[in-house]
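# Structural characterization, general
Here is how the chains run, residue by residue.
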Amino acid sequence: MKSFLAASLLLFVSCATPRAQPAPAAVPSAAKPAPAAPVAAPELPAPSAAELARAADGTTARVNPFGVPAELDDGADFFPAGVKDAAIATPQSVLQVPVGRRPAHHDEVVRLWREWARSSPRVKLEVIGRTHEGRELLAGVVSSQANIARLDAILADVRRLADPRGLSDADAQAIVDNTPAVAWMAYSIHGDEMSGVDAGLALAYQLIADRGAETTAMLDSLVIVFDPMQNPDGRERYLAQIESSASAVLDLSAEGFTRGRWPYGRGNHYLFDMNRDWMAGIAPETRARWAAVRKYVPQLFVDAHEMGSMDSFLFYPQAPPYHPDLPAKLLAWQKVFGDEAGRAFDAFGWSYYTREWADALGPFYSDAWGSLNGAIGILYEQARYAGTAVRRETGEIATYREAVQHQLVSSLSNLRSLQQHRKEVLADYVATRRANCDASLPGRERAFLVRAGVQPTRERWLIENLLAQGVEVYRSSAEVGARDCQHALGAKSESQNFPAGTWIIPAAQPQGALVRAFLNFDPRLDKSVLLAERTELETKGNSKMYDVTAWNLGHALGLDCSWGVVSIEGAAQVKALEALAAGIVPAADAQQHVYGWAIEGLDDSCVKFAARALAAGLAVQASDEAFSAGGRRFSRGSLLVRAHENPTEDLAARVERAARDAGAQAFALTTARSPDDSADLGGQHFRALLAPRIALAGGPGASADGFGHVWHLIDRELGLPVTLIDGASLARHDLRRYDVLVLPPGNFDLADAADDLKAWVRSGGTLIAIEDSALAVCRESLGLSQVRERSDVLEKLDAYAEAARREEDARKIEIDEARVYGDPVPPVAAAEAPAAEKKPETPDPSKEELERADAFNRRFGPSGAVLRARVDPNAWITAGAGDELPVFYSGSQVLLSKPPVRAAVRLAGADSLRLSGLVWPEARERLSRGAWLTVERVSRGQVILFATTPNFRSFWASGARMLANAIVLGPGLGADALRRP
Ligand SMILES: [Zn+2]
């Protein structure tokens, strides 16, 4: 069977790449002659009659003159054998060139799929969503005519396997025997990794048009769902870059401007890496895909990427470490599919490899998420030729069409494997889903519990997210007891009671693998992985970790949450969430004159309210401590809109609108007098906010996704206007137009702009800098900040440690009156006082020794972990945070502060620092009591520094709140902005 597979693939896909080679002979690519460069672009052909007709139709055909010239690509049919249905539009009929000669645009892909859906009974097309820029996202289903006709019944059967509770073994077996398996084939989630999309077109056309027995047999046993272009916005951005930079004479270098430029095409409109978004679903593209995958319940989940131009082709089995909640047989299946793909590549003599990187740890990648849903997740990485051709190190010229063909052969091989092993794969799929539901298995006996009502907006975000991914959520109607509890911040208890209304998410359920993978506080790595990582770090100074080692949503959202063993009996299953109450809540005595409205400051809707209300021209105050009003208690950071400060007829309507837009409640108040000993509403604990004029620095220095996440926060979450300026030429901008300037993570050269920045901050500006931008701002030579990077002050660490200790002491002040008044100490107590330990005398290390040790220890910085940080409750910027904050930390940078700068959020000491993920002891020592967030008054303005990205990948909401506070509240609370009268 297996040799048949390789042979049939050989016949099935011809090698189109070698010029003037008769198809279908397979010729190793090394045999290609390397033509002398430069290669001139071909003359544009005259438009065909069909093109002219289409132009008359109003639809313009795109002929890109800058594709790979015919000398490098003969355009031979990928599938020359067999009979094609002439009624099916060829890709070339739309592209005007052979498929793979140049990258297809989104409109072309959409046109082809619409045409295929119209003309073929083998196709069902669905628009599953739209991108931020309004482009359609498609799911193109291809199967036999009979299967398409009864697609709903097929999917209903496969969904019974997906939720096997109550499904008898006999019924399961009947479905396994008789039902097609479902493949999910997804292409080019990174928009600048283009070849997958064109391979998808070639493959879909073949499956739809080919009348051969092999194709019809495949379509009888498989339902193939194409996600033909995962990232249209990124791809179109990238295509615009490379097409507008293309020369008439083809450049074969893999580098340079012609291969794209900042912000490239990897991310979506807001530059999100959508291959890291599957857990959080911030991007509309991801959310559309969640729904589609829930509908089609695939058993194979393919995600086609590209990598460096000098590389070859990577497919699975994947590299360690492996997430413990992946399906038990995933690796075995990846080996079967990988071996078969290997044989398909061997038939052409192509290079490829497996297992060397792309690990299986993070649950947020496409293929990992697919696998956690029970499918066989497989990723490809094809060397990147950026739509044209590249001269490789050996002199060999590799064309885009070859890249497309590699992707095509890989996809086809995987579909073949699924077809050959359909029954076993389906049987394993149902076994995986059954195991997910089995509460007697380790890890499945517990549930994730979220105390409700503390952070309503974030709690609902979590619950909605889980529901959208098919996770079952319950809500307790009465107090519920749980045993063997572990809290997000580490506390453990034998038993604990949770109040009515607690959200309960059981680990044992069909989507239980997602529950455990997303919400386990502290998944551990195998010892063998630790050993390999440590060896790599010590010998080469590199990390083998492909991405972060911690991600759980409980920490990210800063929720009051625990794992515990609990019964869901009596709890109601949550099917959908009702909208949160938002708008004006009238005063108890509605007849009274309204003094104003208060908005609770703990929930994130408060900052959104501030943003909306300020944008609407309202005067808004923020409190620096908790207060009571209208029969309620309001946390510090709560807002107050006073009627007499807003002399407008429609004030109540404006407050109502801002509250509704923000999802907040505005409580009407009838008096400025506090009912208890908290602050009265007319006093000095309230400060006026200022509608911020915001600039965000971007451009080639900025990390594209770091920039995009801040942009998304300001634009999409806060709903404020933001001016995107070029970070490379800050000195050319008149900063007086802005109250807030955000430097996202990036490598900005601030030397030229330092004097302007200083003058602007001193006159009232709020400068916010994140991660490496924060390091740039605190460089001593710039004179912008007194915060320092640890490596720059190795000889003064004692002074910084003392400052951190004093900050901590100030938080737990106890008054011993006897000591205050100098009363004599009882002799027995004096005797009990421990004798001061005598320190052995060691000479202080030299500066050189310190630097050497620090340079070595820097390499152990976490690649992404969750650390415990302590919050200064007196800092305005920490409104919305409790006493402790789980912060996301990546990198070896450490910020240190001492008076006059206090850390608003400071990392905990080494012994209690790590909450989740890999943090080596050396890193814990270096990071111990480092400053994570500092607010530094500089004359009338301020400098706010974040040691790491607060809104990591846009789902780290607890940190995002600190950044939102800085932007929205900062000009009013931390600076005397220029416009204040
Ligand atoms: Zn990629």
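Residues numbered from 1 in each chain as written. Predicted model: local features only at pLDDT ≥ 70, side-chain atom pairs only at ≥ 80, totals over all residues. Heavy atoms only, no water.

What follows concerns the side chain of Glu 459. Considering the arrangement of structural elements, one finds Glu 459 in helix H16 (residues 456-468). At 5.7 Å, Arg 475 is the nearest oppositely charged side chain to Glu 459, a buried residue that forms no salt bridge. Within the structure, Glu 459 has its side chain in polar contact with the backbone nitrogen of Gly 453 (distance 2.7 Å). The residues touching Glu 459, leaving out its near neighbours within four places in the chain, are Val 450, Arg 451, Ala 452, Gly 453, Val 454, Trp 503 and Leu 559. (Helix = DSSP H or I, 4+ residues; strand = E, 2+ residues; numbered from the N terminus. Buried < 20%, exposed > 50% of the residue type's maximum accessible area, 1.4 Å probe, protein only. Lys, Arg positive; Asp, Glu negative; His and termini not counted. Salt bridge = Lys/Arg side-chain N within 4 Å of Asp/Glu carboxyl O. Polar contact = N/O pair within 3.5 Å; in protein donor to acceptor, adjacent residues only side chain to side chain. Contact = heavy atoms within 4.5 Å.)

The sheet built from 6 strands is open, its strands ordered E22-E28-E23-E27-E24-E29 with mixed pairing. Edge positions in the sheet fall to strand E22 (583-585) and strand E29 (686-688), since each of these pairs with one other strand and no more. Taken over all neighbouring pairs, the strand axes of this sheet differ in orientation by 30° on average, direction set aside. In terms of strand pairing, strand E24 (residues 621-623) meets E29 through 3 bridges, oriented antiparallel. Among the inter-strand pairings, Ser 623 is bridged to a residue of E29, identified as Phe 686. Packed onto the sheet, helix H20 (residues 605-615) meets strand E23 (596-599) and strand E27 (639-642) and runs at close to 35° relative to E27. Lying over the sheet, helix H21 (residues 651-662) contacts E22, E23, E27 and strand E28 (665-669), oriented at roughly 115° with respect to E22. (Pairing = 2+ DSSP bridges. Axes fitted to C-alpha atoms, helices over the stretch in contact; angles between N-to-C directions.)

Turning to the pattern of salt bridges, a few remarks are in order. Counted by the stated rule, this structure contains 59 salt bridges. Of the charged contacts in the structure, one is a salt bridge between Arg 642 and Glu 645, with a shortest N-O distance of 2.8 Å. You can call Arg 642 buried: its relative accessible area is 6%. A relative accessible area of 27% means that Glu 645 is categorised as partly exposed.

Here the structure, examined in full by the defined rule, presents 35 aromatic pairs. For the pair Phe 348 and Trp 350, a centre-to-centre distance of 4.3 Å together with 10° between the ring planes defines the contact as stacked. What makes Phe 348 buried here is its relative accessible area of 2%. Judged by its relative accessible area of 7%, Trp 350 is buried. The interplanar angle of 10° and the centroid separation of 3.7 Å between the aromatic rings of Phe 888 and Phe 952 together place this pair among those described as stacked. Of this pair, Phe 888 sits in strand E36 (residues 884-889) while Phe 952 sits in the loop between strand E41 (941-946) and helix H30 (957-968), placing them 64 residues apart in sequence. (Phe/Tyr/Trp six-rings, centres within 6.5 Å; stacked < 30°, edge-to-face > 60°.)

Protein-derived coordination of the zinc ion comes from His 190 (ND1), Glu 193 (OE), Glu 193 (OE) and His 305 (ND1), at a distance range of 2.0 to 2.6 Å. Its 4 donor atoms give the zinc ion angles of 55 to 155° at the centre, a pattern that matches the irregular case. Here the donor residues of the zinc ion are spaced in sequence according to H-x2-E-x111-H. Here the residue His 190 occupies a position in the loop between strand E4 (181-187) and helix H8 (195-209), and His 305 occupies one in strand E7 (residues 300-307), the gap between them amounting to 115 residues. Both residues of the pair, His 190 and His 305, belong to the buried class. (Donors = N, O, S within 2.8 Å, 3.2 Å for Na, K, Ca; no water. Tetrahedral: all angles 85-135°; square planar, octahedral: opposite > 155°, others 65-115°.)

Moving on, we get to a negative patch on the surface. Taken together, Glu 814, Asp 816, Glu 817 and Asp 823 make up a surface patch of like negative charges. Tracing the backbone through its elements, the reader meets Asp 823 in the loop between helix H26 (817-820) and helix H27 (827-832). (Patch = residues over 30% accessible without salt bridge, like charges linked within 9 Å, V, L, I, M, F, W, Y side chains within 5 Å. Areas by Shrake-Rupley, 256 points an atom, 1.4 Å probe, with all protein chains shown as cover. Charge placed at Lys NZ, Arg CZ, Asp CG, Glu CD.)

Looking now at the packing of helix H6 (residues 151-162) against helix H7 (residues 169-178). For the pair H6 and H7, the least separation of the axes is 10 Å and the interaxial angle reads 130°. By the angle class used here, H6 and H7 are oblique. Considering only the axes of H6 and H7, their crossing is left-handed. In this structure, H6 uses Asp 157, Arg 160 and Leu 161 to contact H7, whose residues at the interface are Asp 171, Ala 172, Ile 175 and Val 176. Residue classes in the contact of H6 with H7 are distributed as 4 nonpolar, no polar and 3 charged. (Parallel < 35°, antiparallel > 145°, perpendicular 65-115°, else oblique. Left-handed = near helix turned anticlockwise from the far one by under 90°. Nonpolar A, V, L, I, M, F, W, Y, C, P; charged D, E, K, R; others polar.)

Looking now at a nonpolar patch on the surface. Where nonpolar side chains cluster on the molecular surface, the patch consists of Ile 813, Ile 815, Val 820 and Tyr 821 and spans about 510 Å² of accessible area. Looking at where Ile 815 falls in the secondary structure, it is placed in the loop between helix H25 (797-809) and H26. Owing to a relative accessible area of 65%, Ile 815 belongs among the exposed residues under this scheme.

In this model, the protein chain carries an average pLDDT of 91, and 91% of its residues clear a pLDDT of 70 or more. In this model residues 1-45 is a low-confidence stretch, pLDDT under 50, and it forms 101 contacts with partners more than four residues away in sequence or in other chains. (pLDDT = per-residue confidence, 0-100.)

A cis amide bond, omega 0°, links Trp 262 with the succeeding residue Pro 263. Structurally, the position occupied by Pro 263 is in the loop between strand E6 (249-250) and helix H11 (284-296). Geometrically, the link from Pro 899 to Pro 900 is a cis peptide bond, its omega value of 15° lying close to zero. One non-glycine residue with positive phi stands out, namely Leu 271, at about 65°.

With that settled, the discussion passes to the side chain of His 487. Following the sequence through the fold, His 487 ends up in strand E17 (residues 480-487). Among the polar contacts made by the side chain of His 487, one reaches the main-chain amide nitrogen of Leu 489 at a distance of 3.0 Å. What His 487 contacts, discounting residues up to four positions off in sequence, is Phe 521, Asp 560, Cys 561 and Ser 562.

The 8 strands lie next to each other as E2-E3-E5-E4-E7-E12-E8-E10, forming an open sheet whose pairing is mixed. The open sheet has two edge strands with one neighbour each: strand E2 (123-130) and strand E10 (353-354). As paired elements, E2 and strand E3 (residues 136-142) share 7 bridges and run antiparallel to each other. Paired with Glu 126 across the bridge in E3 is Ala 139. Where helix H12 (residues 330-346) meets the sheet, it contacts E7, strand E8 (313-315) and strand E12 (376-383), and its direction lies at approximately 35° from that of E12.

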